[in-house]
Amino acid sequence: MGNAVTLAEAVRELVHDGDTVALEGFTHLIPSAVGHELLRQGRRDLTLVRMTPDVVYDQLIGMGAARKLVFSWGGNPGVGSLRRLRDAVEHGWPHPLELEEHSHAGMAAAYAAGAANLPFGVLRGYRGGDLPGLTRVATVTCPFTGEELAAVPAHRPDVGIIHAQRADRRGNVQLWGILGVQKETVLASARSIATVEEIVDELDPRPGAIVLPAWVVDAVALAPGGAHPSYAHGYYDRDNEFYVAWEEIARDRDVFQAWMQRHVLDTADIGEYHASLAAEALAV
Amino acid sequence: MSVDVQAPVSADEMMAVEASRRLRDGTVCFVGIGLPSVAANLARRTHAPGCVLVYESGTIGAKPTELPLSIGDGELADTADAVVSVPEMFAYWLQGGRIDVGFLSAAQIDRHGNLNSTVIGDYAHPDVRLPGGGGAPEIALDVADVFILLRQSPRAFVEQLDFTTSLGDNVRVVVTDLGVLEPRDRELTLVAVHPGIDVERVRAATGWSLAVADDVRETEPPTELELQVLRALRTKGR
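My aim in this report is to walk through the structure given alongside it, one point at a time. Numbering of residues begins from 1 in every chain and follows the order in which that chain's sequence is written. Chain A is the first chain written and ligand 1 is the first ligand written, with later ones labelled in order. It should be noted that, the model being predicted, local features are given only for residues of pLDDT at least 70 and side-chain atom pairs only at 80 or more, the latter also being counted only at that level, while totals for whole chains, interfaces and linings use all residues. Only hydrogens and water are removed before side-chain values are computed, so all heavy atoms of the structure are retained for them.

## Observations regarding the packing of helix 7 (residues 240-251) of chain A against helix 8 (residues 253-265) of chain A
Residues and elements named next belong to chain A.
Thinking step 1. At a minimum axis separation of 5 Å, helix 7 and helix 8 run at an interaxial angle of 120°. On helix 8, the residues that touch Phe 242, Trp 246, Glu 248, Ile 249, Ala 250 and Arg 251 of helix 7 are Arg 253, Val 255, Phe 256, Trp 259 and Met 260.
Thinking step 2. Looking at the contact of helix 7 with helix 8 residue by residue, the class counts come to eight nonpolar, no polar and three charged. Only the stretch in contact is used when a helix axis is fitted, and all axes are lines through C-alpha atoms; the angle between N-to-C directions ranges over 0 to 180 degrees. Put simply, DSSP marks the helices as runs of H or I at least four residues long and the strands as runs of E at least two long, and each gets a number from the N terminus on. Here a residue-residue contact requires only that any non-hydrogen atoms of the pair lie within 4.5 Å. Ten residue types, Ala, Val, Leu, Ile, Met, Phe, Trp, Tyr, Cys and Pro, are classed as nonpolar, four, Asp, Glu, Lys and Arg, as charged, and the remainder, Gly among them, as polar.

## A word on the nonpolar core
Thinking step 1. Here, nonpolar core means buried Ala, Val, Leu, Ile, Met, Phe, Trp, Tyr and Cys residues that are tied together by side-chain atoms lying within 4.5 Å of each other. For every residue, the accessible area (1.4 Å probe, protein chains only) is compared with the maximum for its type, and the residue is labelled buried under 20%, exposed over 50%, or partly exposed between those bounds. Leu 23, Phe 103 and Ile 148 of chain B are the most contacted members of the largest nonpolar core, which has 81 residues in total.
Thinking step 2. Take this core: its biggest share by element is six residues, from helix 5 (residues 104-115) of chain A.
Thinking step 3. If near-sequence neighbours (up to four positions away) are discounted, Leu 23 of chain B is found in contact with Cys 29, Ala 39, Ala 40, Ala 43, His 47, Ala 48, Cys 51, Val 101, Phe 103 and Phe 147 of chain B.
Thinking step 4. Counting residues in hydrophobic clusters, the runner-up holds 47 residues, among them Val 11, Ala 66, Leu 82 and Val 264 of chain A.

## Things to note about the pairing of strand 11 (residues 171-175) of chain B
Residues and elements named next belong to chain B.
Thinking step 1. Extensive coverage of strand 11 is indicated by the burial of four of its five residues.
Thinking step 2. We call two strands paired when DSSP finds no fewer than two bridges between them. Pairing between strand 10 (residues 145-149) and strand 11: four bridges, direction parallel. Note on strand 11: the bridge partner recorded for Leu 149 is Val 175.
Thinking step 3. Bridge analysis of strand 11 against strand 12 (residues 179-184) gives two bridges, and the strand direction is antiparallel. Bridged to Val 174 within strand 12 is Leu 181.
Thinking step 4. Counting the residues in the hairpin turn of strand 11 and strand 12 gives three residues.

## Remarks on the sheet that holds strand 11 of chain B
All names here are of chain B.
Thinking step 1. Strand order in the open sheet formed by 10 strands is 4-3-2-1-5-10-11-12-13-14, and the pairing between neighbours is mixed. Each edge of the sheet is formed by a strand with only one pairing partner; in this case those strands are strand 4 (82-83) and strand 14 (211-218).
Thinking step 2. The pairing of strand 12 with strand 13 (residues 187-193) spans six bridges and is antiparallel. Paired with Pro 183 across the bridge in strand 13 is Leu 188.

## Some remarks on the packing of helix 8 of chain A against helix 9 (residues 270-283) of chain A
Residues and elements named next belong to chain A.
Thinking step 1. Where helix 8 meets helix 9, the axes come as close as 8 Å, and the angle between the chain directions of the two elements is 125°. Judged by the inter-axis angle, helix 8 sits oblique to helix 9. Of the residues in helix 9, those touching helix 8 at Trp 259, Arg 262, His 263 and Val 264 are Tyr 273, Ser 276, Leu 277, Ala 279 and Glu 280.
Thinking step 2. For the contact of helix 8 with helix 9, a count of residues per class yields five nonpolar, two polar and two charged. Every angle not falling under 35 degrees, over 145, or within 65 to 115 is termed oblique; those three ranges are roughly parallel, roughly antiparallel and roughly perpendicular.

See the structure below:
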């Protein structure tokens, strides 16, 4: 298979310091294992693009890997705040974080425009309110009706990163369930990485599934459990208890750093990460 | 499953019940997590079985058996009539004008129903960085009717928003833990109080000089059926 590598190899070859990276997955199939590998390899100065930063970006921001965040909703879904994101914005810890903030509709339009190789996305949005004056949005006039519409610059990440259920041995990637913006992310990006739950001989059809052909995905790496604490439809459920627990872990800088050291930096890969979490659960 | 319908009615329960009563059979409803999800699922299990629940994760016609903790829980996709991508959700379905009712909440609201869910304090140097608008700015513009669920206090019901995240133009009702406000001449006006709440208490919980309707009524307490169904709803992972 042309694009099959280990996750460590994929990150080493495809992600560089200073890159703009988009790790997408709308509550489902969040590529957490890739976030962890970015930290193990010490990537710095990243511009992180993602609609809902979630735990994976709280970790990257809290560990100081990010220079800028492009986003539309930065909370812990169903729980509350992302404490590391807030600490960076409110107190500049571990260093200041530049924000480029959009609405969900704006982010979605920006990804779709990037995938379509257009310079901007167009939508009926960003009308009124204070955000339009503070972010990258402009107005265009419809040449046919004269209607004024919002224009958002296309997302064109250096690297688009997703997690999916399966790939076949040729490297075609298949995902189903909640699809988010993963297809747009891969097609909008100059390079792309997909981690998968399993690699199979043949991709049999699944209801609602999409396939990203091997030739649009630069690297496919096996990472079972790689979406934790989000989920992989048909493989494992969302770890709702972890999202609740993350509030306590991330609230305190020292507790957060110790947790990241133990479960991410001191583990070699997603398998060891899960073993480390299981060992801690047993010890309680 | 047996549930206790004798226990006192909580503020959250009153809010969910009052909101659910405003959903009609067949209403297409854009639902967020928390009380909106409770209200919509209660409506679907009582007077509005044909109420269509749309979650912004792309699940259309979701019929969860337990309340999801996140808008992207797997059960929403399993039980949905259709699952669409996020760009499609916002472009074809929300902007396309297919959604009747959208629920919103926020940290702050003003007398016109404008909302702040972005920052407390200055944007560049906030005292509290809130999650941000997410879907709210376009939901507020693109649905026919915006319903707001928000606990009433002077901190939340403010004279001046710290930041305007979404506009109040389409707000039809604000259900709080104390009563119900509806726009009259573009100003939110108290039209009902919950059982046991007097108007003065609502005024005291409002950071602006609250307009009060001449004919303020008392909301109907939850029926036994509403409480039964409401209390049987469980949130996943909680």
